[in-house]
Amino acid sequence: MTKRDYYEVLAVSRDCDESALKTSYRRLALEFHPDRNPGNHEAEERFKEAAEAYSVLSDAQKRAAYDRYGHQGVSSAASNGFDPTAGFPDLADILSDVFGFGDAFGSRGQQRRTRAQRGDDVRYDLEIAFEDSMRGLSIDIQVPRLEECGRCKGKGAEPEDGLTTCPICRGKGEVIYQQAFLSVRRTCNQCGGRGQIIRRPCKECKGEGYQRRERKLKVNIPAGVDEGTQLRLSQEGQPGANGGPPGDLYVVLKVKAHPVFERNEDNLHCTVPINAAQAALGASVDILTFDGLQTVTIPEGSQAGSRVRLKGLGVPHVNGSGRGDLFIHLDVRIPTKLSRDQRKLFEQLRELLPAENEPTEKGIFDKVKDYFM
Ligand SMILES: [Zn+2]
Ligand SMILES: [Zn+2]
């Protein structure tokens, strides 16, 4: 079987430039990579063929020799062949390390090692009473978090002579190794890309670089907060790395349910029972609200499920001034046990009241809905 022309293999012209070679090789490598074509022998051959062609044409000297003498000119390189025991280069390496997306073999390792990183955000769940959500609250909380160790400044090593150059990468923070025709660049496992390893761990933090501290913080909770409200405490999260800023602390509120009042947006709702006579004749009822005892006037002829609105006695608007309203839903109770006198009076009423027993137009379910509005 004759060997195919390298330019033909990569489907490029004989005078193509470096970037056209790369683009074409990358496309072929991704298409025929054995990971993507498990068990496909033909794809494997195409992959090897492309890798070989690229290894020659991407090297200016070898390419010149190939242009002049053909396969014979580079036979030594080609006979290195594709070592099957070395395995195939990773797809991810082809994507990122080998071609680097614009910055192939640049100074990425250097950047990776020293780039400032913002610390993590931290969530703190805080349960408060319903009353506190209405009135607002200032509270101290204890937040466990990591703080940079003062002794080693976060390095984890004894200040004077705790660090030494990484013997694996010799301080570079990354290692390059050959895999068939591909050079693969990886962050050094030994030092995690820092280029230095700890010889003597810091006595204070035992080499972690951080210490766990309980931190006391004052949280001002404004009036009107609701279940799930998040309060952000800027820069109170975990510390950053390499001089990066700390993250934020989010206090996420949970509000305990109130036995009497229910909240809907910024309105409050409660249900007050009245008797049939109060409903018919009207009444004056005292109700304990968040603004103290309020005398509520129930109008004459109030129906079951009707409501009385007390303006401005609801929840304070958390972003702005003013408050929602308080709605008092009337629950007209019909007596179930009557004394002899009561029975007599109801019997008289039965004689005097008109009997309107036609079914009403509106279904019972709509009424139930109205009741909860
Ligand atoms: Zn290293
Ligand atoms: Zn330390």
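For the structure itself, look to the data block above.
This one's a predicted model, so the numbers in the text were calculated from it and none came from an experiment.

Cut-offs used in this document
Along each chain, numbering runs from 1 in the same order as the chain's sequence is written. Following the order in which they are written, the chains are lettered starting with A and the ligands numbered starting with 1. Confidence filtering applies because this is a predicted model: local features only for residues at pLDDT of at least 70, side-chain atom pairs given and counted only at 80 or more, and all residues used for totals across whole chains, interfaces and linings. Side-chain numbers here rest on the full set of heavy atoms in the structure, without hydrogens or water. To get an axis, a line is fitted to the C-alpha atoms, and for a helix only the part in contact is used. The angle between two axes follows their N-to-C directions and goes from 0 to 180 degrees. Numbering of helices and strands runs from the N terminus, with a helix taken as a DSSP run of H or I at least four residues long and a strand as a DSSP run of E at least two residues long. The cut-offs work like this: below 35 degrees is roughly parallel, past 145 is roughly antiparallel, 65 to 115 is roughly perpendicular, and the gaps in between are oblique. Here, residues are in contact when the closest pair of their heavy atoms is within 4.5 Å. Residues are sorted three ways: Asp, Glu, Lys and Arg are charged, Ala, Val, Leu, Ile, Met, Phe, Trp, Tyr, Cys and Pro are nonpolar, and all the rest, Gly among them, are polar. What makes two strands pair is DSSP finding at least two bridges between them. Only buried Ala, Val, Leu, Ile, Met, Phe, Trp, Tyr and Cys residues count toward a nonpolar core, and they belong to the same one when joined by side-chain atoms within 4.5 Å. For the exposure calls, accessible area comes from a 1.4 Å probe over protein chains only, and a residue counts as buried if that area is under 20% of its type's maximum, exposed if over 50%, partly exposed in between. Salt bridge criterion: a side-chain nitrogen from Lys or Arg within 4 Å of a carboxyl oxygen from Asp or Glu. The donor set comprises N, O and S atoms within 2.8 Å of the metal, extended to 3.2 Å for Na, K and Ca; water molecules are omitted, so apparent gaps in a site may simply reflect that omission. Every angle between 85 and 135 degrees makes a four-donor site tetrahedral, while opposite donors more than 155 degrees apart, with all other angles between 65 and 115, make a four-donor site square planar and a six-donor site octahedral; other sites are irregular. Under the rule applied, a polar contact is a pair of N or O atoms within 3.5 Å (in protein, one hydrogen donor and one hydrogen acceptor; residues adjacent in sequence only if both atoms are side-chain atoms). Put simply, a patch holds well-exposed residues, over 30% relative accessible area, that have no salt bridge, with like charges counted together within 9 Å and Val, Leu, Ile, Met, Phe, Trp or Tyr side chains within 5 Å. Accessible areas in this description were obtained via Shrake-Rupley with a 1.4 Å probe; residue shielding takes into account the shown protein chains only.

Considerations on the packing of helix H3 (residues 41-57) against helix H4 (residues 60-69)
Next, step 1: For the pair H3 and H4, interaxial distance at closest approach is 6 Å and the crossing angle is 105°. Judged by the inter-axis angle, H3 sits roughly perpendicular to H4. Here H3 contributes Ser55, Val56 and Leu57 to the contact with H4, which in turn contributes Lys62, Arg63 and Tyr66.
Next, step 2: Counted by class, the contact of H3 with H4 contains three nonpolar, one polar and two charged residues.

Focus on the sheet that holds strand S9 (residues 249-255)
Neighbouring strands of a sheet are bound in pairs by backbone hydrogen bonds; such pairs are parallel or else antiparallel.
Next, step 1: Ordered by their spatial adjacency, three strands build an open sheet running S1-S9-S8, and the pairing between neighbours is mixed. Looking along the sheet, the strands with just one partner apiece sit at the ends: strand S1 (122-128) and strand S8 (230-233). Each adjacent strand pair in this sheet contributes to an overall mean axis angle of 25°, direction not counted.

Thoughts on the nonpolar core
Next, step 1: Grouped together as the largest cluster of nonpolar side chains are 37 residues, with contacts concentrated most on Ile141, Ile221, Leu249, Val251, Leu253, Leu268 and Ile328.
Next, step 2: Excluding residues that lie within four positions of it along the chain, Ile141 makes contacts with Tyr124, Leu126, Arg215, Lys216, Leu217, Val219, Leu249 and Val251.

Description of the pattern of salt bridges
Next, step 1: What the rule picks out here adds up to 25 salt bridges.
Next, step 2: Across the pair Arg4 and Glu8 runs a salt bridge, and its minimum N-O distance is 3.4 Å.
Next, step 3: You can call Glu8 partly exposed: its relative accessible area is 47%.
Next, step 4: Linking Arg151 and Glu158 is a salt bridge whose minimum nitrogen-to-oxygen distance equals 2.8 Å.
Next, step 5: When its relative accessible area of 6% is taken as the criterion, Glu158 is described as buried.
Next, step 6: Via salt bridges that share partners, Arg118, Asp121, Arg232 and Asp248 belong to a single interconnected network.

As for the coordination of the zinc ion (ligand 2)
Next, step 1: Of the protein atoms, only Cys149 (SG), Cys152 (SG), Cys202 (SG) and Cys205 (SG) coordinate the zinc ion (ligand 2), at distances of 2.3 Å.
Next, step 2: Because the angles between the four donor atoms bound to the zinc ion (ligand 2) fall within 104 to 115°, the donor set is best described as tetrahedral.
Next, step 3: Here the donor residues for the zinc ion (ligand 2) map to a single chain with the spacing C-x2-C-x49-C-x2-C. With Cys149 in the loop between strand S2 (137-148) and strand S3 (163-165) and Cys205 in the loop between strand S6 (196-198) and strand S7 (210-221), this pair connects stretches of sequence that are 56 residues apart. Accessibility classification places Cys149 together with Cys205 in one group, the buried group.

Remarks on the side chain of Asn37
Next, step 1: Here Asn37 shows up in the loop between helix H2 (18-32) and H3.
Next, step 2: Judged by its relative accessible area of 18%, Asn37 is buried.
Next, step 3: Among the polar contacts made by the side chain of Asn37, one reaches the main-chain carbonyl oxygen of His33 at a distance of 3.0 Å.
Next, step 4: When sequence neighbours within four positions are dropped, the list of residues in contact with Asn37 reads Glu31, Phe32 and Ala43.

Re a nonpolar patch on the surface
Next, step 1: Where nonpolar side chains cluster on the molecular surface, the patch consists of Leu338, Phe346, Leu349 and Leu353 and spans about 320 Å² of accessible area.
Next, step 2: Counting through the fold element by element, Leu349 comes out in helix H10 (residues 340-352).

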